[in-house]
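Read off the chains here:
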Amino acid sequence: MKNFMKGLSLVLALSTVGLMNAQNKENQNLSIKVNKEESKDYIPAVRLVNNPDGSCTFEKGRIPTLKHMNTTTFWMSNKTEEWEKNAHPAPRRQYVITLKGNIRFKVTDGSTFIIKPGTVLLAEDLKGKGHSWDMVKSKAWERLYIPISENADDLFVADKDL
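All figures in this text were calculated on a predicted structure; none of them were measured in a lab.

Moving on, we get to the confidence of the model for the chain. Within the chain, residue pLDDT values average 82, and 75% of them lie at 70 or more. By mean pLDDT, helix α1 (residues 2-23) is the weakest element of the chain at 46, and strand β8 (residues 120-123) is the strongest at 98. For the stretch residues 11-28, pLDDT sits under 50, and the model shows 33 contacts to residues farther than four places along the chain or on other chains.

I63, Y95, I97 and V120 are the most contacted members of the largest nonpolar core, which has 15 residues in total. Only β5 (94-100), β8 and β10 (142-147) provide two or more residues apiece to this core. The element that contributes the greatest number of residues to this core is β5, accounting for 3 residues. Core analysis: the next-biggest nonpolar cluster, separate from the first, contains 14 residues, V96, I103, F113 and W141 among them.

Right, let's get into the pattern of salt bridges. A pair can form between side chains of opposite charge whenever their charged atoms are brought close. Throughout the structure, instances matching the rule amount to 8 salt bridges. Salt-bridge contacts for K160 lead to E59; the nearest nitrogen and oxygen are separated by 3.7 Å. Of the two residues, K160 sits in the segment after β11 (157-158) while E59 sits in strand β3 (residues 56-64), which places them 101 residues apart along the sequence. Notably, a salt bridge pairs R104 with D134, separated by 3.3 Å at the nearest N-O pair. Of this pair, R104 sits in strand β6 (residues 103-106) while D134 is found in strand β9 (residues 132-135), placing the two residues 30 residues apart along the sequence.

Parameters and conventions
Residues numbered from 1 in each chain as written. Predicted model: local features only at pLDDT ≥ 70, side-chain atom pairs only at ≥ 80, totals over all residues. Heavy atoms only, no water. pLDDT = per-residue confidence, 0-100. Helix = DSSP H or I, 4+ residues; strand = E, 2+ residues; numbered from the N terminus. Contact = heavy atoms within 4.5 Å. Core = buried A, V, L, I, M, F, W, Y, C linked by side-chain atoms within 4.5 Å. Buried < 20%, exposed > 50% of the residue type's maximum accessible area, 1.4 Å probe, protein only. Salt bridge = Lys/Arg side-chain N within 4 Å of Asp/Glu carboxyl O.

Structure representation (structure tokens):
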């Protein structure tokens, strides 16, 4: 319930900010660890992106809090179809907010990372084979999808840029 409330609070904050902004314009496992001091102004995030050759990779970073985001809608899902677990590109640029579940994502080179409630997934791998995922010690994945408006900044700050 605590994770659900944390996730719901994050979604409400993102959607509120989005509506306000619409008015203005090698195999490795990654576990996201956040410095509590740094976390005051950011939420941890992982971004899926395409390499120039179309393959999918990821980078870890964060998204600043209390910034206007250019989004207009969101929806929730707790259902999973088998095709979703197979390699696929993201259908659109979007934030994926996990409310419940631990999800292991795999990219083209076999590298993996785990998303848990409290870490934002930014899906921007729109071409190529994309990514795949499976649940880790979870029976269900409850999540919110928040599409990013076309040509809008995703506000992602890669760790290397900090």
